[in-house]
Amino acid sequence: MNEECFYRVSVKGIAIDKQGRVLLAREEDDMWEMLGGGLEHQEDPIESLKREVLEETGLKITTISTSPKYFITAPASNGKVYMANVVYEIELESMDFIPSYECQELRFFSIEEMKKVKLLPNVKKLLNLLEKQQN
């Protein structure tokens, strides 16, 4: 018999700088995550992403890709629920953020630098996708 299969949908944003590095946020537990969060019922994904980034950082998104760049499934950090991340490429108005428990630090990472820090499972999957694109 199959276990019940469901995912919590989360809309994420990644900013990529001119050097090809990816912006991640360090959470209060020192794990690195993409910006964004859970998609509420009947909420537009783009509006959800704008809301989540503003709530987490106090920053406004100035540009969002018209379609998702990546789709990632991974267990949540608690291992009890699986997350489906719809990932859009974004640009932020600035890097002058307001710290919160979901964003203690913002930093751009190269693929090699990402391998040296504690990443949440979904960000590890993103790293794998980025490495495949490089090859």
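A quick note: this is a predicted structure, and the numbers were derived from the prediction, not measured. (Residues numbered from 1 in each chain as written. Predicted model: local features only at pLDDT ≥ 70, side-chain atom pairs only at ≥ 80, totals over all residues. Heavy atoms only, no water.)

A. Quick look at the nonpolar core. Membership of the largest hydrophobic core comes to 18 residues, with the highest contact counts inside it found for Leu24, Met34, Met114 and Leu126. Those elements giving two or more residues to this core turn out to be strand 2 (22–26), strand 6 (70–75), helix 2 (111–114) and helix 3 (121–134). Of the residues forming this core, the biggest block, 4 residues, is contributed by helix 3. Excluding residues within four positions of it along the chain, leucine 126 makes contact with Ile14, Val22, Met34, Tyr70 and Ile72. Formed by 17 residues, the second largest nonpolar core is a distinct cluster that contains Leu23, Leu59, Ile61 and Tyr88. (Core = buried A, V, L, I, M, F, W, Y, C linked by side-chain atoms within 4.5 Å. Buried < 20%, exposed > 50% of the residue type's maximum accessible area, 1.4 Å probe, protein only. Helix = DSSP H or I, 4+ residues; strand = E, 2+ residues; numbered from the N terminus. Contact = heavy atoms within 4.5 Å.)

B. Region of the structure containing the pattern of salt bridges. Going through the model one piece at a time under the given rule, you end up with 12 salt bridges. Residue aspartate 17 pairs with arginine 21 through a salt bridge whose shortest N-O separation is 2.6 Å. Overall, the relative accessible area of 28% leaves arginine 21 in the partly exposed class. Between glutamate 105 and arginine 26 there is a salt bridge; the shortest N-O distance is 3.0 Å. Placement of the pair is glutamate 105 in strand 8 (residues 105–109) and arginine 26 in strand 2, with a sequence separation of 79 residues. A relative accessible area of 24% means that glutamate 105 is categorised as partly exposed. (Salt bridge = Lys/Arg side-chain N within 4 Å of Asp/Glu carboxyl O.)

C. Representation of the sheet that holds strand 2. Spatially, 3 strands are ordered 3-2-8 in an open sheet, and the strand pairing comes out antiparallel. The open sheet has two free edges, formed respectively by strand 3 (32–33) and strand 8, since each of these has just one partner strand. As judged from the 2 bridges shared by strand 2 and strand 3, these two strands associate in the antiparallel manner. Across the sheet, alanine 25 pairs through a bridge with glutamate 33, a residue of strand 3. (Pairing = 2+ DSSP bridges.)

D. A look at the pairing of strand 6. Burial of strand 6 is one-sided: the residues Tyr70, Ile72 and Ala74 facing one way are buried, the residues Phe71, Thr73 and Pro75 facing the other way are not. In terms of strand pairing, strand 6 meets strand 7 (residues 82–92) through 6 bridges, oriented antiparallel. Considered in strand 7, the bridge of isoleucine 72 is made with asparagine 85. The loop that links strand 6 with its antiparallel partner strand 7 comprises 6 residues; one of these, glycine 79, has a positive phi angle of about 75 degrees.

E. Spatial organisation of the packing of aromatic side chains. Under the counting rule described, the total for this entry stands at 2 aromatic pairs. Judged by centre distance (6.1 Å) and plane angle (85 degrees), the ring pair of tyrosine 7 and tyrosine 82 falls under edge-to-face. Taken as a pair, tyrosine 7 in strand 1 (residues 7–14) and tyrosine 82 in strand 7 lie far apart in primary sequence, 75 residues in all. By relative accessible area, which is 42% here, tyrosine 82 ends up partly exposed. (Phe/Tyr/Trp six-rings, centres within 6.5 Å; stacked < 30°, edge-to-face > 60°.)

F. Spatial organisation of the environment of glutamate 47. For glutamate 47, the location among the structural elements is in helix 1 (residues 45–57). C-alpha separation for the pair glutamate 47 and valine 11, spaced 36 residues apart in sequence, amounts to 9.7 Å.

G. Helix 3, seen in detail. Between its first and last C-alpha atoms helix 3 spans 20 Å; for 14 residues at 1.5 Å apiece the expected length is 20 Å, and the two agree. Here helix 3 has its buried residues at Asn122, Val123, Leu126, Leu127 and Leu130. Axial view of helix 3: buried residues confined to an arc of 145 degrees, hence all on one face. (Expected span 1.5 Å × (residues − 1). Arc of directions from axis to C-beta.)

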